[in-house]
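So you can see what is in the structure, the chains are spelled out below.
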Amino acid sequence: MQKLNRNMALLLSLLMMLTLCLPAAGFAAAGVYEGSGDSLIGGVDAITVQVTLDEADAIIGIEVILNNDTPGISDPAIAGIPAAIVEYQSIEVDAIAGATMTSDAIVAAVEAALVAAGVNVDNYKVEVVKEVVKEADVEMEADVVIIGAGGAGLAAAVTAHQNGASVIVLEKLNKVGGNTILAGGALNAVDDRSEVAVANDDSVEWHYTQTMNGGDNEGDTLLVHTLVSNAWDGVQWLKELGMGFQEGTFTVTGGMWPRAHKPSDPVGTGFFKTYMNYIDNNENIEVMLNTTADEITVDADGRIGGVIATGETGNTIAVKANNGVIVATGGFAKNVEMRVEHNTIWADLGESVLSTNHTGATGDGIVMAEAVGANLVQMGNIQLLPLGDPVTGSLSGNIEQDVEKRIFINKEGNRFVDEGERRDVMTSALFEQTDNYMWIVVDSHSYPTGDVKNNFNESADELVAAGRAVKGETIEELAENMGVPVENLVAAVEDFNAHVETKEADAFGRTLYSEKLDMGPFYAGARVPTVHHTMGGIQINVDAQVLNVNGDVIPGLYAAGEVTGGIHGTNRLGGNALTDILVFGRIAGESAAESK
Ligand code: ADP
């Protein structure tokens, strides 16, 4: 009894202390409170915010003071989520499409700050009811109307404008960038006369041959020729517009040769900085966000007349195109129904197979163009990568730096494929492994220090801290942290290193080597198959004019980028997508401006 009383007294004094520290219910917690949230991209405590509360506990300000998510991609969430929380006094706000992980991390950080403030968090979980007032319908006009503000759309927009056209770009999301901004940033281009090409034994001709072979010769020879012979000129054009590239070239996964150029800015952000800088500083060229194109219209004379779109508030936006319409809406990797309908290569591309793609990759342009007579080609050619994040399918978190410096290891601790192979070959091999799951293993040749970053602006240390990669000072320790048999991984690495020395093809046929895996610490990151690129689509000619089912040009209709088909055949070389959208985006822009 006495003991119970003593415990009760202790409990009471504890409660009193707590009451003194926390603001009591009904009392204001005015002040600034800090909180952090995790993100799958930036890892533990990726986002830190400072939340300002007034005397009535209203949130009057949110400042993001730390952001470890990918710059460019996280920007719309950083701009939109704090403002929405303040506006609605609720953390139940909608995530920003395309930046959902950063959105969730900001919400988690704000919640942590509210907990720190000692207020009742439930009071901030009110349903957000947005009042949408439908704006008046709008009629507009431009020489060139472009659907989609991704890589192809904006290359076309700038080029059309440089060729004297007025330009309107319609983008259904609340940001520019599409899939292109998520790309690893590898852009294949060869300058025959350069020292790099000579040193690498590369040429435009070899780029052509590898592109054709890589797609089992299903690619259109004229389009592939156009692709490779205009690639270097495209890079020069980007540089003239102010875009920076790193020195030298590298081999991207499935790229087959060291001809990929890497932009100075992370992932695909450099393209959009460059294009938006041009667009923001010029007249008669604009991007309309939150504007979804629904239909391409045809004039009485059979020429394409313009686009009917839906604005943010549900109003109709009709844009007349004096010269032409360019479809640049990207692929359909995020449209499960479409990919299941068209897939001819893979056993199954249903919900269970993840995708690297952004939410907007739903094939809208293919449907709209087909409705006005466009011919669709090679729709079954869908590319998977063996490089998806096991949770999200995204490319982020990929620990590899160069094809030459990494190996793939299955759950049994063994290698299983030539890691320099075509993407379809590597992905098919991965589908044969336990749980369709593998590790990419690298050493300190790839990460001389833990703060060296991958192509997605994530350092090795950050990936390890976030649980997205494991580390070991020795191969044995790495194997233990991966949960694979130590003796198998040791044997696999020893065999690999022996071949690096001789440079001879190994049992899997691998011939691309540079450094041995012999410099600790070692790192491994898990990966699964993921839908990456839809290579079929709208048929175009070398002027990016859309062809109908009879092979005739549809007057006034152009297409460029992933929405088109027939360039990459059955399998696209790594690094050729950015080349495709750059080269054909520019051609479409020029053709439409000149109304070819
Ligand atoms: P590409 O690599 O071929 O340029 P991206 O995926 O980078 O393709 O860009 C395509 C863009 O088109 C994306 O930003 C996407 O949101 C946009 N888009 C797709 N469908 C529509 C549509 N119906 N209306 C407007 N924009 C669209």
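Residues numbered from 1 in each chain as written. Predicted model: local features only at pLDDT ≥ 70, side-chain atom pairs only at ≥ 80, totals over all residues. Heavy atoms only, no water.

Structural notes on empty space enclosed by the protein
Counted according to the given criterion, the structure contains 2 cavities of 30 Å³ or more. The volume enclosed by the second largest cavity comes to roughly 30 Å³. By residue class, the composition of the lining of the second largest cavity is 2 nonpolar, 7 polar and 2 charged. (1 Å grid on protein atoms, 1.4 Å probe; cavity = no way out; pocket = protein on both sides within 12 Å on 5 of 7 lines; lining within 4 Å. Points joined across faces, edges and corners; volume = space filled by probe spheres on them. Nonpolar A, V, L, I, M, F, W, Y, C, P; charged D, E, K, R; others polar.)

Quick notes on the side chain of H499
The residue H499 is located in helix 14 (residues 486-502) in this model. Taking the relative accessible area as the measure of exposure, H499 reaches 16% and is therefore buried. A distance of 2.9 Å separates the side chain of H499 from the backbone oxygen of D495, its partner in a polar contact. Excluding its chain neighbours within four sequence positions, the residues that come into contact with H499 are E504, A505, D506 and Y513. (Helix = DSSP H or I, 4+ residues; strand = E, 2+ residues; numbered from the N terminus. Buried < 20%, exposed > 50% of the residue type's maximum accessible area, 1.4 Å probe, protein only. Polar contact = N/O pair within 3.5 Å; in protein donor to acceptor, adjacent residues only side chain to side chain. Contact = heavy atoms within 4.5 Å.)

Quick notes on the site of the ligand
Lining the immediate surroundings of the ligand are 27 residues, of which A152, E171, T180, D364 and E562 lie closest. Here T180 contributes a side-chain N or O atom positioned 2.5 Å from an oxygen atom of the ligand. Here D364 contributes a side-chain N or O atom positioned 2.9 Å from a nitrogen atom of the ligand. Within the complex, 98% of the 580 Å² of free accessible area of the ligand lies under protein. Looking at the shell around the ligand, the elements with two or more residues in it are helix 4 (151-162), strand 9 (292-298) and helix 10 (364-371). A per-class count over the shell around the ligand returns 9 nonpolar, 14 polar and 4 charged. (Near = heavy atom within 4 Å. Areas by Shrake-Rupley, 256 points an atom, 1.4 Å probe, with all protein chains shown as cover.)

A look at the packing of aromatic side chains
According to the stated counting rule, one finds 7 aromatic pairs in the structure shown. Where W346 meets F431, the ring centres are 5.9 Å apart and the plane angle is 50 degrees; that geometry is what we call tilted. One end of the pair, W346, is in the loop between helix 9 (336-342) and strand 12 (354-355); the other, F431, is in helix 11 (residues 423-431), with 85 residues separating them in the sequence. Residue F431 is classed as partly exposed on the basis of its relative accessible area, which comes to 27%. (Phe/Tyr/Trp six-rings, centres within 6.5 Å; stacked < 30°, edge-to-face > 60°.)

Observations concerning the sheet that holds strand 2 (residues 43-53)
The strand order across the open sheet formed by 3 strands is 1-2-3, and the pairing between neighbours is antiparallel. Strand pairing shows two members of the sheet lacking a second neighbour, strand 1 (31-39) and strand 3 (59-67), which therefore form its edges. Across the sheet, the mean angle from the axis of one strand to that of its neighbour is 25 degrees, orientation sign disregarded. Where strand 2 lies against strand 3, 7 bridges are found, and the strand directions are antiparallel. Each residue of the ladder has a partner; that of I47, found in strand 3, is N67. Running at roughly 155 degrees to strand 3, helix 2 (residues 75-88) makes contact with strand 2 and strand 3 of the sheet. Those strands touched by helix 3 (residues 100-117) are strand 1, strand 2 and strand 3, and its axis lies near 140 degrees from that of strand 1. (Pairing = 2+ DSSP bridges. Axes fitted to C-alpha atoms, helices over the stretch in contact; angles between N-to-C directions.)

Concerning the pairing of strand 10 (residues 304-310)
Most of strand 10 sits inside the fold, with 5 of its 7 residues counted as buried. For strand 9 and strand 10, the ladder comprises 6 bridges, and the chain directions are antiparallel. Bridging across to strand 10, V298 finds its partner in I304. Counting the residues in the hairpin turn of strand 9 and strand 10 gives 5 residues, including G302, whose phi is positive at 95 degrees. Two elements, strand 10 and strand 11 (residues 316-327), share 5 bridges in a ladder whose sense is antiparallel. Looking across to strand 11, one finds that G306 is bridged to K320. Between the antiparallel neighbours strand 10 and strand 11 lie 5 residues, among them G314 with a positive phi of about 95 degrees.

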